[in-house]
Amino acid sequence: MRGTVAGARGGVVVRWRDGRGELVVRGVPDGGVSARVPLEIAASYRARTRGLLGRESLQGALLLSPANSIHTFRMRMPIDVAYLDRRLRVLAVRTMPPGRLGRPRVRARHVIEAEAGAMELWGLGVGSVVEVRDLR
């Protein structure tokens, strides 16, 4: 599901493979778990390109990695989008209707997509930290 590679500054770069997992949302300010969400992981170019295109709904969330921007062309539903930095901290959350092009986020390394309104229910907001767990 995931592997790690040492970064240029001694940090760790996380790389996932396409598959399924669980998204654990840690809320702000206490850092306690506010939600556990079924997760699809799109790490290959092909899976990231397909994303949510043509879907009517999504149970849980979709993680696109690596990614720092998205679009909603040819989508059938509005979506919530969370941009994550390399430490999986939320930099920004936006709701996007179909047919839009999102601005790239300079520090973003990963993007989470979900049905519109879901992220608010999970308590996911700017400053939240998420964890991706392998369900194997």
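Residues numbered from 1 in each chain as written. Predicted model: local features only at pLDDT ≥ 70, side-chain atom pairs only at ≥ 80, totals over all residues. Heavy atoms only, no water.

- Labelled according to an unreviewed UniProt entry, the protein chain appears under the name DUF192 domain-containing protein, originating from Streptomyces althioticus subsp. attaecolombicae.

So, the overall build of the protein chain
Then, number 1: Across its full length, the protein chain carries two helices and nine strands.
Then, number 2: Along the protein chain, helices (α) and strands (β) appear in the sequence β-β-β-β-α-β-β-β-β-α-β when read from the amino end.
Then, number 3: Looking at the protein chain as a whole, 42% of its 136 residues are labelled buried.
Then, number 4: A sequence separation of at least 24 residues applies to 55% of the contacts in the protein chain between residues at least 6 apart.
Then, number 5: In the structure as shown, the protein chain presents an accessible area of about 7,900 Å², 50% of it carried by carbon and sulfur atoms. (Helix = DSSP H or I, 4+ residues; strand = E, 2+ residues; numbered from the N terminus. Buried < 20%, exposed > 50% of the residue type's maximum accessible area, 1.4 Å probe, protein only. Contact = heavy atoms within 4.5 Å. Areas by Shrake-Rupley, 256 points an atom, 1.4 Å probe, with all protein chains shown as cover.)

Quick notes on the sheet that holds strand β6 (residues 79–84)
Then, number 1: Spatial ordering of the open sheet is given by β7-β6-β8-β5-β4-β3-β9, a layout of seven strands whose pairing is mixed. Lying at the two open borders of the sheet, with one neighbouring strand each, are β7 (90–96) and β9 (129–134). Averaged over all pairs of adjacent strands, the angle between strand axes in this sheet comes to 30 degrees, irrespective of strand direction.
Then, number 2: Sheet analysis places β6 next to β7, joined by six bridges and oriented antiparallel. (Pairing = 2+ DSSP bridges. Axes fitted to C-alpha atoms, helices over the stretch in contact; angles between N-to-C directions.)

Quick word on a positive patch on the surface
Then, number 1: A contiguous patch of positive charge on the surface is contributed by R86, R87, R89 and R109.
Then, number 2: Among the secondary structure elements, R109 is positioned in the loop between β7 and β8 (110–115). (Patch = residues over 30% accessible without salt bridge, like charges linked within 9 Å, V, L, I, M, F, W, Y side chains within 5 Å. Salt bridge = Lys/Arg side-chain N within 4 Å of Asp/Glu carboxyl O. Lys, Arg positive; Asp, Glu negative; His and termini not counted. Charge placed at Lys NZ, Arg CZ, Asp CG, Glu CD.)

Describing the pattern of salt bridges
Then, number 1: Under the definition given, this model contains five salt bridges.
Then, number 2: Shared partners join several salt bridges into a network, and the residues in it are R26, E131 and R133.

Side note on the pairing of β6
Then, number 1: For β6, the tally of buried residues reaches six of six residues, placing the bulk of the element in the interior.
Then, number 2: The alternating pattern of β6 places I79, V81 and Y83 and D80, A82 and L84 on opposite faces, both of which are buried.
Then, number 3: Remark: five residues form the turn of the hairpin made by β6 and β7, two consecutive strands paired antiparallel; L88 in that turn has positive phi of roughly 65 degrees.
Then, number 4: Here six bridges tie β6 to β8, and the two strands are oriented antiparallel to one another. Across the sheet, Y83 pairs through a bridge with V111, a residue of β8.

A word on the packing of aromatic side chains
Then, number 1: A complete count under the given rule lists zero aromatic pairs for this structure.
Then, number 2: Directly above the aromatic system of Y83 lies the positively charged group of R105, at a separation of 5.0 Å from the ring centroid. (Phe/Tyr/Trp six-rings, centres within 6.5 Å; stacked < 30°, edge-to-face > 60°. Lys NZ or Arg CZ within 6 Å of the ring centre and 35° of its normal.)

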